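# Tertiary structure, described
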Amino acid sequence: MSVRRRRPLFVSAVLVVGAGLALTACGPENTDGPAGSASSAPTKAAAGAPSAGAPAPGAPAPAGSAAPTAAHTPAGASPSSGGGAAGGSAAAQPCDIQNLSINASARAGAANQWVIEVRNTGAKACSLSSSPGVDLGDSAARDQSKNLKPVLASGTERFPVPAGRSAYAVIDLDPSGATTGTAPGINEINVLVDGEGTNMPLANTRNFPLPAGAHVLNPKMGNYRGSVADAVASMTAAPK
């Protein structure tokens, strides 16, 4: 590591005075010299001027020197985002069965369609699977493994339910409207409101009786939606 030695202040002052006298004795000043030439350089440093070796304000940086650069912000990100999730909020937590009100009833004007309503009675938003887990069977049967399951509309994203609001899913028991060839002995809809099964055990399944003579054939169901009309549209889009 090199060490710079400072000369005494008094020697520097003598050199400055001597340099001034030498310039005075060299004849008239050249005020028309090209910019940056030695003849146009001032003999005294102005107060607050840059120190020796520093470029003048507005002058290009010397070759090889590092110019200051602005902080880089990725495209589409705000400088204050801090790398957090979009919107600064995390996904809603799965709903707790204790904070849900669950109901299933025939849709007015469409006897074969049933509306499943799940209301969030908790104080915070929560989320449900894309559609409820539903099957149709005989309430008196000991073996429920052969219960019918509806064909589902496409979609896998969880559905957020704000506090005090409801999610709706619609199931059509008999989309073809057939009155013969329907499944016999079906008298119950079984609903597990979060069908993913990772945070809601089967013990939380709710059972809703169907009226006598209900026709069930190739049922299909849509995803959760925020209104009955949207839930019907989702159900209609499910494959046959």
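Above this text is the structure in question.
Owing to the predicted nature of the structure, the values given are computational and were not obtained by experimental measurement.

This brings us to the layout of surface pockets. In this model, the second largest pocket occupies a volume close to 200 Å³. Surrounding the second largest pocket, G133, V134, D135, K149, P150, L152, N190, V191, L192, G195, L202 and T205 form its lining. A per-class count over the lining of the second largest pocket returns six nonpolar, four polar and two charged.

Here we come to the side chain of N190. Summarising the element assignment, N190 is placed in strand 8 (residues 188-192). Of the residues examined, N190 reaches a relative accessible area of 6% and is grouped as buried. Separated by 2.6 Å, the side chains of N190 and D135 make a polar contact. Here N207 takes part through its side chain, which lies 2.6 Å from a polar atom of the side chain of N190. Filtering out sequence-adjacent residues up to four positions away, N190 remains in contact with G133, V134, D135, G137, Q144, N147, T205, R206 and N207.

Once that is clear, we can look at the state of the cysteines. What the rule picks out here adds up to one disulfide. Disulfide partner of C95: C126, at an S-S distance of 2.0 Å. Across the disulfide from C95 to C126, rotation about the S-S bond amounts to roughly 80°, and the bridge is consequently right-handed. In this pair, C95 is assigned in the loop between helix 1 (9-24) and strand 1 (100-107) and C126 in strand 3 (residues 126-128), connecting sequence segments 31 residues apart. For the residue pair C95 and C126, the accessibility class agrees, reading buried in each case.

Turning to the pairing of strand 8, a few remarks are in order. Burial of strand 8 is extensive: five of the five residues sit out of reach of the surface. Of the two faces of strand 8, the one holding E188, N190 and L192 and the one holding I189 and V191 are both buried throughout. With five bridges connecting them, strand 4 (residues 133-137) and strand 8 associate as antiparallel partners. Paired with L136 across the strands is I189, a residue of strand 8. Sheet topology places strand 8 next to strand 9 (residues 206-209); four bridges connect them, and they run antiparallel. Bridge pairing links I189 to F208 in strand 9.

With that out of the way, let us pick up the nonpolar core. Across soluble globular proteins, nonpolar side chains show a tendency to be buried alongside one another. Residues L100, L128 and V193 are the most contacted members of the largest nonpolar core, which totals 29 residues. For this core, the elements supplying multiple residues, two or more each, are strand 1, strand 2 (110-120), strand 3, strand 4, strand 6 (159-161), strand 7 (166-172) and strand 8. Dropping the residues within four chain positions of it, L128 is found in contact with C95, L100, V118, R158, F159, V161, A167, V193, D194 and Y224. Core analysis: the next-biggest nonpolar cluster, separate from the first, contains six residues, V170, A231, V232 and M235 among them.

As a further point, take unusual backbone geometry. Leave glycine aside and you will find that most residues have negative phi; peptide bonds, for their part, are mostly trans. A positive phi is found at N218, a non-glycine position, where the angle reads about 50°. Position of N218 among the secondary structure elements: in the loop between strand 9 and strand 10 (220-221). Judged by its relative accessible area of 60%, N218 falls in the exposed class.

Further remarks concern the sheet that holds strand 2. Spatially, 1-2-7-10-5 is the arrangement adopted by the five strands of the open sheet, whose pairing is mixed. Only two strands of the sheet have a single partner each, and these edge strands are strand 1 and strand 5 (151-152). Inspection of the sheet shows strand 5 paired to strand 10 by two bridges, in the parallel sense. Looking at strand 10, one finds that L152 is bridged to M221. Along the sheet, helix 2 (residues 228-236) contacts strand 1, strand 2, strand 7 and strand 10; its crossing angle with strand 7, the most-contacted strand, is approximately 40°.

Let us look at the environment of A233. Mapped onto the fold, A233 is located in helix 2. The class of A233 is partly exposed, set by a relative accessible area of 46%. With 63 residues separating them in the primary sequence, A233 and V170 have C-alpha atoms 9.0 Å apart.

About the cut-offs
- Residues numbered from 1 in each chain as written.
- Predicted model: local features only at pLDDT ≥ 70, side-chain atom pairs only at ≥ 80, totals over all residues.
- Heavy atoms only, no water.
- 1 Å grid on protein atoms, 1.4 Å probe; cavity = no way out; pocket = protein on both sides within 12 Å on 5 of 7 lines; lining within 4 Å.
- Points joined across faces, edges and corners; volume = space filled by probe spheres on them.
- Nonpolar A, V, L, I, M, F, W, Y, C, P; charged D, E, K, R; others polar.
- Helix = DSSP H or I, 4+ residues; strand = E, 2+ residues; numbered from the N terminus.
- Buried < 20%, exposed > 50% of the residue type's maximum accessible area, 1.4 Å probe, protein only.
- Polar contact = N/O pair within 3.5 Å; in protein donor to acceptor, adjacent residues only side chain to side chain.
- Contact = heavy atoms within 4.5 Å.
- Disulfide = S-S within 2.5 Å.
- Pairing = 2+ DSSP bridges.
- Core = buried A, V, L, I, M, F, W, Y, C linked by side-chain atoms within 4.5 Å.
- Axes fitted to C-alpha atoms, helices over the stretch in contact; angles between N-to-C directions.

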